[in-house]
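# Topology and contacts: notes
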Amino acid sequence: QQQVKQSPQSLIVQKGGISIINCAYENTAFDYFPWYQQFPGKGPALLIAIRPDVSEKKEGRFTISFNKSAKQFSLHIMDSQPGDSATYFCAASKTGGGGADGLTFGKGTHLIIQP
Amino acid sequence: NAGVMQNPRHLVRRRGQEARLRCSPMKGHSHVYWYRQLPEEGLKFMVYLQKENIIDESGMPKERFSAEFPKEGPSILRIQQVVRGDSAAYFCASSRTSGRNTGELFFGEGSRLTVL
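Reading the values: rules and limits
- Residues numbered from 1 in each chain as written.
- Chains lettered and ligands numbered in written order.
- Predicted model: local features only at pLDDT ≥ 70, side-chain atom pairs only at ≥ 80, totals over all residues.
- Heavy atoms only, no water.
- Pairing = 2+ DSSP bridges.
- Helix = DSSP H or I, 4+ residues; strand = E, 2+ residues; numbered from the N terminus.
- Disulfide = S-S within 2.5 Å.
- Buried < 20%, exposed > 50% of the residue type's maximum accessible area, 1.4 Å probe, protein only.
- Axes fitted to C-alpha atoms, helices over the stretch in contact; angles between N-to-C directions.
- Polar contact = N/O pair within 3.5 Å; in protein donor to acceptor, adjacent residues only side chain to side chain.
- Phe/Tyr/Trp six-rings, centres within 6.5 Å; stacked < 30°, edge-to-face > 60°.
- Salt bridge = Lys/Arg side-chain N within 4 Å of Asp/Glu carboxyl O.
- pLDDT = per-residue confidence, 0-100.

Here we come to the pairing of strand 6 (residues 56-59) of chain A. Residues and elements named next belong to chain A. Bridge count between strand 6 and strand 7 (residues 62-67): four bridges; the pairing is antiparallel. Looking at the pairing, glutamate 56 lines up with serine 65 of strand 7. Between strand 6 and strand 7, which pair antiparallel and follow one another directly, the connecting turn spans two residues, one of which, glycine 60, has a positive phi of 65°.

We now examine the state of the cysteines. Tallying each qualifying case throughout the model produces two disulfides over all chains. With a sulfur-sulfur separation of 1.8 Å, cysteine 23 of chain A is cross-linked through a disulfide to cysteine 90 of chain A. Taking the sign of the S-S torsion, about -90° here, the bridge from cysteine 23 of chain A to cysteine 90 of chain A comes out left-handed. One end of the pair, cysteine 23 of chain A, is in strand 3 (residues 19-25); the other, cysteine 90 of chain A, is in strand 9 (residues 86-92), and 67 residues separate them in sequence. Of the two residues, cysteine 23 of chain A and cysteine 90 of chain A, neither departs from the other in class, the shared state being buried. Across a sulfur-sulfur distance of 1.8 Å, cysteine 23 of chain B and cysteine 92 of chain B are joined as a disulfide pair.

The next subject is the pairing of strand 3 of chain A. Residues and elements named next belong to chain A. Along strand 3, the buried face is formed by Ser19, Ile21, Cys23 and Tyr25; none of Ile20, Asn22 and Ala24, which line the opposite face, is buried. Across four bridges, the pairing between strand 1 (residues 4-7) and strand 3 is antiparallel. Each residue of the ladder has a partner; that of valine 4, found in strand 3, is tyrosine 25.

Let's shift gears to the sheet that holds strand 3 (residues 19-24) of chain B. Residue and element names in this part refer to chain B. Here we have four strands laid out as an open sheet, ordered 1-3-8-7, and antiparallel in their pairing. If you trace the sheet from one side to the other, it starts and ends with strand 1 (5-7) and strand 7 (65-68), each paired once. Within the sheet, the average angular offset between the axes of one strand and its neighbour, ignoring direction, is 15°. Bridge count between strand 7 and strand 8 (residues 75-79): four bridges; the pairing is antiparallel. Within the sheet, the bridge partner assigned to glutamate 68 lies in strand 8 and is isoleucine 76.

The next subject is the side chain of serine 80 of chain A. Tracing the chain through its elements places serine 80 of chain A in the loop between strand 8 (72-77) and strand 9. At 2.8 Å, the side chain of serine 80 of chain A forms a polar contact with the side chain of serine 19 of chain A.

Residue and element names in this part refer to chain A. What the rule picks out here adds up to 16 aromatic pairs over all chains. Considering the side-chain rings of phenylalanine 66 and phenylalanine 73, the 6.5 Å spacing of their centres and the 40° angle between planes classify their relative orientation as tilted. Residue phenylalanine 66 shares its accessibility class with phenylalanine 73, and that shared class is buried. Taken together, the ring pairs in this structure connect Tyr25, Phe30, Phe33, Trp35, Phe66 and Phe73 into an aromatic cluster.

Here we come to the pattern of salt bridges. Per the stated rule, a full pass over the model turns up seven salt bridges over all chains. Where lysine 57 of chain A meets glutamate 59 of chain A, a salt bridge forms, and the shortest distance between an N and an O atom there is 3.6 Å. Residue classification places glutamate 59 of chain A among the partly exposed residues on the basis of a relative accessible area of 36%. Residue arginine 64 of chain B is joined to aspartate 86 of chain B by a salt bridge in which the shortest nitrogen-to-oxygen separation is 2.7 Å. Here the residue arginine 64 of chain B occupies a position in the loop between strand 6 (53-56) and strand 7, and aspartate 86 of chain B occupies one in the loop between strand 8 and strand 9 (88-95), the gap between them amounting to 22 residues. A relative accessible area of 24% means that arginine 64 of chain B is categorised as partly exposed. Connected through shared salt-bridge partners, Lys42 of chain A together with Arg9 and Glu109 of chain B make up one network.

Turning our attention to the confidence of the model for chain A. Should the pLDDT be low somewhere, the predicted coordinates at that spot are not to be read in detail. Of all residues in chain A, 93% attain a pLDDT of 70 or more, and the chain-wide mean is 91. No element of chain A has a lower mean pLDDT than strand 10 (residues 104-105) of chain A, which averages 88, and none a higher one than strand 8 of chain A, which averages 98.

In structure tokens, the structure reads:
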């Protein structure tokens with residue numbers, strides 16, 4: 001059972017365009033939703049994260065939009081640059097109460113920004 | 001301030017051999033997580049450890065896999081009698097708190113296991 005579904009699997013965007021990656025989750029107990037960026041041969045690095053008490057969080061060119069009722073969240077990359085080409089993973093976890101603290105990841109989106 | 005350190009970065013084993021992967025968490029972090037990443041797949045949670053304790057091993061295969069995080073030294077993920085299906089990238093992550101407070105995990109660069 002896949003608890004976090006991510007789409008699209010791959011995405012090609014022109015330089016300067018907006019990249020949008022979507023995720024949906026099933027477990028309503030999740031209360032922490034990070035996005036990780038991974039370059040080939042490297043480990044995932046935290047990009048931006050959101051908690052369900054806000055509907056949007058922006059850091060530079062990166063914005064997370066969160067829809068609690070729909071159990072969906074998305075990453076928007078404004079003014080996409082070739083250096084943004086990487087694999088992006090959404091994730092979710094439950095940070096309060098009992099249970100596992102490990103993140104549940106989506107399957108990833110391969111993003112290519114064309115010059 | 002060194003990040004999460006994993007070694008070896010690359011490991012080649014023949015079927016039936018043992019693989020040992022090591023992870024030193026970031027300074028000040030006492031919580032370690034192991035994830036496995038297959039090609040074109042996301043990261044799958046394997047195990048969560050604190051010093052000398054396994055907190056959650058729900059993602060670990062029941063046989064051949066084990067993990068430890070001793071009082072002194074790095075965390076070790078051990079795979080006995082490796083098979084070709086074990087070929088993957090294994091990532092270690094650490095957090096300062098239990099993750100219950102911040103949820104933020106810091107990842108190492110991974111150990112890539114190839115089983116011939």
